[in-house]
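# Summary of structural features
Take a look at the letters that make up each chain.
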Amino acid sequence: EKKITISGYQNGYFKDEELNSIVERIMKISPDVLIIGAGVPKQEIIAARIADSIKNITILCVGNFLEFYFGTKKRAPKILRLSGLEWLHRLLTEPARLWKRYVIGIPYFFFLILIYKFNGYKKISSKI
């Protein structure tokens, strides 16, 4: 049986200029795995900045997983999860926060894939 030791915690409500001191704390603790659940794209930006400073660290970006795991947010009904429609449940329960991601972001992403497929790889602005 493997056990997990939680060595530290940092909430996601910090200023950009505080990240260097957070990275220093992480370096002192020297964890095997760093779990970041700050939402897209914030968690990926934080992970990239940490990975630039700390080599040989495993970083997991888990989004809302921790809220689902600890029960502070309910997941979609199982039938929607099994049918691949959990995104629809999330859009209907959090429209103000997620509409841009699901209604604009995902179709735009697929549009870029088609452009890459038929025009070859060229740098395309990812600004929406």
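Here, the structure is the one placed above.
Report on the accompanying structure.

### Quick word on the pattern of salt bridges
Note that side chains of opposite charge can pair when their charged atoms are close. Applying the stated criterion across every chain yields a total of five salt bridges. We note a salt bridge from R49 to D16, for which the minimum N-O separation is 2.7 Å. Remark: D16 occurs in the segment before α1 (19-29) and R49 occurs in helix α2 (residues 42-53); sequence separation between them is 33 residues. For D16, a relative accessible area of 53% gives the class exposed. One salt bridge connects E94 with K73, and the closest N-O pair in it is separated by 3.4 Å.

### Concerning the pairing of strand β2 (residues 58-61)
Bridge count for strand β1 (residues 33-36) against β2 is four bridges, and the pairing is parallel. Within β2, the position partnered with I35 by the bridge is L60. You can see the chain leave β1, run along α2 and come back into β2, and the turn it takes is right-handed.

### What about the nonpolar core?
Core analysis: the largest hydrophobic core is formed by 12 residues, namely F14, L19, I22, V23, I26, L34, I36, I46, A47, I50, I54 and I57. Put simply, the parts of the chain that give this core at least two residues each are α1, β1 and α2. It is α1 that contributes the most residues to this core, four residues altogether. With residues up to four places along the chain from it excluded, the contact list for F14 reads L19, I22 and I46.

The rules behind these values
- Residues numbered from 1 in each chain as written.
- Predicted model: local features only at pLDDT ≥ 70, side-chain atom pairs only at ≥ 80, totals over all residues.
- Heavy atoms only, no water.
- Salt bridge = Lys/Arg side-chain N within 4 Å of Asp/Glu carboxyl O.
- Helix = DSSP H or I, 4+ residues; strand = E, 2+ residues; numbered from the N terminus.
- Buried < 20%, exposed > 50% of the residue type's maximum accessible area, 1.4 Å probe, protein only.
- Pairing = 2+ DSSP bridges.
- Right-handed = clockwise from strand over helix to strand, strands pointing away.
- Core = buried A, V, L, I, M, F, W, Y, C linked by side-chain atoms within 4.5 Å.
- Contact = heavy atoms within 4.5 Å.

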